[in-house]
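Each chain is listed here by its residues.
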Amino acid sequence: MSVSDIQLQNNVKAVLAAAGTKARVLAATKTVDAATVNKIYDMGVHLIGENRVQELLEKLPLLDKRFEIHFIGRLQRNKAKYIVGKVALIHSLDSAELAQEIEKQASRRGIVQDCLVEVNLGGEQAKGGVALEELDGFLQRISGFEHIRVRGLMGVVPKTEEKEKLSAFFTKITKKFIDIKHQNVDNSNMANVSMEILSLGMTHDYVTALECGSNLIRIGEGIFGARAYPPAAEEN
Ligand SMILES: *Cc1c(COP(=O)(O)O)cnc(C)c1O
């Protein structure tokens with residue numbers, strides 16, 4: 001990881017400009033050392049996301065306290081206890097079992113944990129996320145948990161350069177997001193479910209995601225430069 005300060009500044013500027021007032025920019029900080037991460041705060045990125053529990057716990061004491069920190073990676077049930085209450089938002093809620101564990105840990109701490117439900121748009125087995133068709137039923141189940149508040153959705157899509165395919169995936173989830181948001185207005189038994197945050201788009205596809213309605217983009221390489229380790233190890 002050796003991005004120069006000038007490069008970092010230019011990358012941040014470009015991403016912030018693209019996001020404009022439409023979307024928040026989350027810097028995906030996996031493999032990036034805390035000292036480098038801290039540099040982006042004064043450049044204007046105030047939101048970061050980690051996707052490994054161990055790495056987050058190690059970096060946490062070294063990170064600028066002003067950052068808003070999210071957890072964006074796949075979360076194993078037995079590790080939820082390390083994360084609940086330590087991050088402002090968990091993007092990867094995707095099973096009833098995980099919800100149960102987050103509920104238990106949040107209840108124990110006397111807090112309400114904000115989460116996004118992760119949606120797997122391409123049906124890829126290797127990635128987490130509930131299918132779009134299962135989302136309504138899943139939200140019904142989650143709405144029973146008093147210590148979880150669902151604030152929106154995170155979408156994961158297959159890696160592809162084909163803009164039409166990407167657009168189709170992103171548009172599908174955006175429509176669903178808006179549908180649920182409207183349903184929610186008079187759905188009092190889903191009081192802890194709201195649709196405010198639509199986390200869509202990474203370095204290679206954020207331009208399309210923004211066109212399709214994303215209001216939070218998650219950018220790693222586009223800010224910090226290429227990562228050294230193989231993609232398989234970082235699949236969400
Ligand atoms: C790594 C990661 C990102 C950012 O990926 P880039 O391609 O580096 O922009 C976004 N979301 C999740 C869940 C990630 O793990």
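The present account deals with the structure reproduced in this document. None of the values given here were measured: they were computed from a predicted structure.

## Describing helix α1 (residues 5-19)
For α1, built from 15 residues, the straight-helix expectation of 21 Å at 1.5 Å per residue is met to within 8% by its first-to-last C-alpha distance of 21 Å. Along α1, the positions that sit buried rather than exposed are L8, N11, V12, V15 and A19. Across the axial projection of α1, the buried residues extend over an arc of 100 degrees, all falling on one side. Opposite the buried face of α1, at more than 90 degrees from it, the exposed residues are I6, K13 and A17. Tucked inside the fold, the buried residues of α1 contact β1 (24-28), α2 (34-39), α8 (206-211), β8 (216-219) and α9 (221-224).

## Brief notes about the side chain of S199
Among the secondary structure elements, S199 is positioned in strand β7 (residues 193-199). What makes S199 buried here is its relative accessible area of 0%. A distance of 3.2 Å separates the side chain of S199 from the side chain of H91, its partner in a polar contact. A distance of 2.8 Å separates polar atoms of two side chains, one belonging to S199 and the other to R218. Among all residues touching S199, those that are not within four sequence positions of it are H91, L116, L153, M154, G155, L216 and R218.

## A look at the site of the ligand
If you check the shell around the ligand, you find A28, K30, N51, I72, M202, T203, R218, I219, G220, E221 and R227 and nothing else. Between the ligand and the protein, one listed contact pairs an oxygen atom with a side-chain N or O atom of N51 at 2.7 Å. Contact with the protein chains covers 95% of the free accessible surface of the ligand, which is 380 Å². Residues that form the shell around the ligand fall into these classes: 4 nonpolar, 3 polar and 4 charged.

## Examining the nonpolar core
Core analysis: the biggest nonpolar cluster contains 67 residues, and I40 and I223 have the highest contact counts within it. Here this core gets 6 residues from one element, more than from any other, and that element is helix α7 (residues 163-184). The contacts of I223, once residues within four sequence positions are left out, are V3, L8, N11, V12, V15, V25, A27 and I40. Among the nonpolar cores identified, the runner-up in size contains 10 residues, and L47, L89, M154 and V156 belong to it.

How each quantity is defined
Residues numbered from 1 in each chain as written. Predicted model: local features only at pLDDT ≥ 70, side-chain atom pairs only at ≥ 80, totals over all residues. Heavy atoms only, no water. Helix = DSSP H or I, 4+ residues; strand = E, 2+ residues; numbered from the N terminus. Expected span 1.5 Å × (residues − 1). Buried < 20%, exposed > 50% of the residue type's maximum accessible area, 1.4 Å probe, protein only. Arc of directions from axis to C-beta. Contact = heavy atoms within 4.5 Å. Polar contact = N/O pair within 3.5 Å; in protein donor to acceptor, adjacent residues only side chain to side chain. Near = heavy atom within 4 Å. Areas by Shrake-Rupley, 256 points an atom, 1.4 Å probe, with all protein chains shown as cover. Nonpolar A, V, L, I, M, F, W, Y, C, P; charged D, E, K, R; others polar. Core = buried A, V, L, I, M, F, W, Y, C linked by side-chain atoms within 4.5 Å.

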